[in-house]
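Listed below are the residues making up each chain.
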Amino acid sequence: MSKLRSKLAAATGLVLAAGVLPVIFAAPAQATPYHCMKYLDDKGYRVGPKVEGACNLDEGSCILELGKLHVAQAVKLEACYRIHKK
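Because the structure is predicted, anything quoted here is derived from the model rather than measured.

**Focus on unusual backbone geometry**
Here the phi dihedral of His 70 falls at roughly 65°; this positive angle occurs in a residue that is not glycine. By relative accessible area, His 70 is classed as exposed at 69%.

Have a look at this one:
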């Protein structure tokens, strides 16, 4: 009976390790320009070439370019933050 218990314990340990290790060593989530554009679309802004261009810039430049497109302050800050959010 003790052999069966030790085999069950080993199998349980392997199953737990297989489920936990990928979570521990997973890379942090990385946002992309798509997330910026999707957020703007969700907020009702038309996403065309100018918005796409802004979302492909670094965060600071994105904010400036979206400002030129009259995107509300809070919306452009969140949209551009989503480019590099981790």
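Resuming the write-up.
**Describing the environment of Lys 68**
Tracing the sequence through the fold places Lys 68 in helix α4 (residues 59-68). Since its relative accessible area comes to 57%, Lys 68 is described here as exposed.

**A look at the pattern of salt bridges**
Applying the stated criterion across every chain yields a total of three salt bridges. With a shortest N-O distance of 2.8 Å, Asp 42 and Lys 38 are connected by a salt bridge. Of the two residues, Asp 42 and Lys 38 both sit in helix α2 (residues 33-42), four residues apart, roughly one turn of that helix. The partner of Lys 68 in a salt bridge is Glu 65, and the shortest N-O contact between them spans 3.0 Å. You can see Lys 68 and its partner Glu 65 sitting in helix α4, three residues apart, about one turn around the helix.

**Describing the state of the cysteines**
One pass over the structure, following the stated rule, counts two disulfides. Sulfur-sulfur distance for the disulfide between Cys 36 and Cys 55 comes to 2.0 Å. On the S-S bond that ties Cys 36 to Cys 55, the torsion sits near -60°, and the link is left-handed. Taken as a pair, Cys 36 in helix α2 and Cys 55 in helix α3 (residues 49-55) lie far apart in primary sequence, 19 residues in all. Overall, Cys 36 belongs to the buried group, its relative accessible area being 0%. With its sulfur 2.0 Å from that of its partner, Cys 62 forms a disulfide with Cys 80. Where Cys 62 bonds to Cys 80 through sulfur, the torsion about that S-S bond is close to -75°, and the disulfide is left-handed. Taken together, the residues span a long stretch of sequence, with Cys 62 in helix α4 and Cys 80 in helix α5 (residues 73-84) at a distance of 18 residues. Assessed through its relative accessible area of 0%, Cys 80 is described here as buried. If one numbers only the bonded cysteines of the protein, in the order they occur, the disulfide pattern is 1-2, 3-4.

Definitions and limits used
- Residues numbered from 1 in each chain as written.
- Predicted model: local features only at pLDDT ≥ 70, side-chain atom pairs only at ≥ 80, totals over all residues.
- Heavy atoms only, no water.
- Buried < 20%, exposed > 50% of the residue type's maximum accessible area, 1.4 Å probe, protein only.
- Helix = DSSP H or I, 4+ residues; strand = E, 2+ residues; numbered from the N terminus.
- Salt bridge = Lys/Arg side-chain N within 4 Å of Asp/Glu carboxyl O.
- Disulfide = S-S within 2.5 Å.

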